[in-house]
Amino acid sequence: MSNGSPHGPDDPERPDNPYGQAPPPEGTPYGQAPPPPPGEPYGGYQSMPDVSGGPTEPAPTATPPSSITTAVKLMYVGALISLIGLITSLLSTGDMRAAVEDSLRKQGKKVDPSVVDSLVTGGIIIGVVTALIGIGLWIWMARKNQAGRSWARIVATVLGGLNVLLTLVSLTRSTSTGVGTVVNITMVLLALAILFLLWRRESSDYYAARSAPRY
């Protein structure tokens, strides 16, 4: 019969184990927790969850619908017609001079060549400046509306309405020639077609998509 201690060597109730703790596993320094199982964070703490949501794909860029592309092409056509009109007016200074002389005679004024020259020169300068501004507006509006700028559609609507109004006024004048009348009517129809295309449903959806905030 043995007189040894009834407590085993690993019994936490042994007298020489005053803290009542089980000894660490073999090969582990005393006072340190054993390494966690594979795949578990050390120390028993959970890893911080990924709140980034993972890689997100960029939002698709809205492409212009056919109504916008057609309206943009018609705007470039308008710029081309304005350029042709400018060149035609520069090549027809003789007709302009004859129109000025005829206007002076109808008013009962003396046809002074110096006065006629000054009036023709002033008309040419005003026509060139006006035509260049018009060509620039056509091109500017074409690019901005193609890019889906909502304010550009509003500006194009205002300019188109003024263009139609002024052209209709010019058609009532007796000084309009046959070619000028055809050009004016073409510009009115062109402006109306562009405004119709810009305000179609698919065009409005495109402007809304391009104006939506991006995060």
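Residues numbered from 1 in each chain as written. Predicted model: local features only at pLDDT ≥ 70, side-chain atom pairs only at ≥ 80, totals over all residues. Heavy atoms only, no water.

### Some points on the overall build of the protein
As a reminder, the rule being used: Think of it this way: any DSSP run of H or I at least four residues long counts as a helix, any run of E at least two long counts as a strand, and we number them from the N terminus. When a residue's accessible area, from a 1.4 Å probe over protein chains only, is under 20% of the maximum for its type it is buried; when over 50% it is exposed; and in between it is partly exposed. Contact definition: two residues touch when any of their heavy atoms are within 4.5 Å. Areas reported as accessible are Shrake-Rupley estimates using a 1.4 Å probe. Residue values count occlusion only from the protein chains shown.
A tally of helices and strands in the protein yields 6 helices and 0 strands. Expressed as a percentage of its 215 residues, the buried residues of the protein come to 20%. When contacts within the protein are restricted to residue pairs at least 6 apart in sequence, those whose partners lie at least 24 apart make up 65%. Working note: accessible area of the protein is about 15,400 Å², and carbon and sulfur atoms make up 64% of it.

### Digging into the packing of helix α1 (residues 66–91) against helix α3 (residues 113–146)
Here is the rule: Angles here are taken between N-to-C directions and fall from 0 to 180 degrees, while the axes themselves are lines fitted to C-alpha atoms, restricted in helices to the stretch in contact. Comment on the angle field: the value is read as roughly parallel under 35 degrees, roughly antiparallel over 145, roughly perpendicular from 65 to 115, and oblique elsewhere. Helix crossings get a hand from a simple test, with the near helix turned counterclockwise from the far one by less than a right angle marking a left-handed crossing and a clockwise turn marking a right-handed one. Residues were grouped as follows: Ala, Val, Leu, Ile, Met, Phe, Trp, Tyr, Cys and Pro as nonpolar; Asp, Glu, Lys and Arg as charged; and all remaining residues, including Gly, as polar.
At a minimum axis separation of 9 Å, α1 and α3 run at an interaxial angle of 165°. One way to sum up the angle between α1 and α3 is to call them roughly antiparallel. At the point where α1 passes α3, the crossing takes the left-handed sense. Of the residues that constitute the contact of α1 with α3, the class distribution is 17 nonpolar, 5 polar and 1 charged.

### Details of the packing of aromatic side chains
For clarity, the threshold we go by: Stacked, tilted and edge-to-face are the three classes applied to pairs of Phe, Tyr and Trp rings, where Trp contributes its six-membered ring and a pair requires centres within 6.5 Å; stacked means planes under 30 degrees apart, edge-to-face means over 60, and tilted covers the rest. To sit over a ring, a charge needs its Lys NZ or Arg CZ within 6 Å of the ring centre and within 35 degrees of the ring normal.
Following the criterion strictly, the structure yields 2 aromatic pairs and no others. Centre to centre, the rings of Y206 and Y207 are 6.0 Å apart; their planes meet at 55°, and the pair counts as tilted. Here Y206 matches Y207 in class, with each residue buried. Over the face of the ring belonging to W199 we find R153, whose NZ or CZ atom lies 3.8 Å from the ring centre.

### Let's talk about the environment of A147
You can see A147 is positioned in the loop between α3 and α4 (150–171). In the structure, A147 is positioned 60 residues away from Y207 in sequence and 8.6 Å away in space, judged by C-alpha atoms. With near-sequence residues (within four places) excluded, A147 lies in contact with Y206 and R210.

### Quick notes on the pattern of salt bridges
Using the following cut-off: Salt bridges are defined as contacts in which a side-chain nitrogen from Lys or Arg sits within 4 Å of a carboxyl oxygen from Asp or Glu.
Summed over all chains, the structure comprises 5 salt bridges. Between E101 and R97 there is a salt bridge whose closest N-O contact spans 4.0 Å. Of this pair, E101 and R97 both sit in helix α2 (residues 93–106), 4 residues apart, roughly one helical turn. E202 is the partner of R200 in a salt bridge, and the nearest nitrogen-oxygen pair spans 2.7 Å.

### Regarding α4
Quick reminder of the rule: For a helix, the expected span equals 1.5 Å multiplied by the residue count minus one. In this description, the arc belongs to the directions extending from the helix axis to the C-beta atoms.
The end-to-end C-alpha distance of α4 is 32 Å, a good match for the 32 Å that 22 residues give at a rise of 1.5 Å each. Turning to α4, its buried residues number three or more, namely A152, R153, A156, G160, V164, T167 and S170. In an axial view of α4, the angular spread of the buried residues amounts to 130°, which keeps them on one side of the axis. Among the exposed residues of α4, those oriented more than 90 degrees off its buried face are I154, L165 and L166.

### Regarding the confidence of the model for the protein
Short version of the rule: pLDDT measures how confident the predictor is about each residue, on a scale from 0 to 100.
Mean pLDDT over the protein: 78, with 68% of residues reaching 70 or higher. Considering only residues more than four positions removed or in separate chains, one finds that residues 53–60, a stretch of pLDDT under 50, has 0 contacts.

### Comments concerning a nonpolar patch on the surface
Short version of the rule: Only residues whose relative accessible area exceeds 30% and that take part in no salt bridge are eligible for patches, with like-charged residues grouped when within 9 Å of each other and nonpolar side chains (Val, Leu, Ile, Met, Phe, Trp, Tyr) grouped when within 5 Å.
Nonpolar side chains collect at one region of the surface, where L80, L83, I84, I87 and L91 lie side by side and expose about 500 Å² of accessible area between them. Mapped onto the elements, I84 comes out in helix α1.

### Considerations on the side chain of S82
Relative to the helices and strands, S82 resides in helix α1. Not counting residues up to four positions away in its chain, the partners in contact with S82 are I135, W138 and M187.

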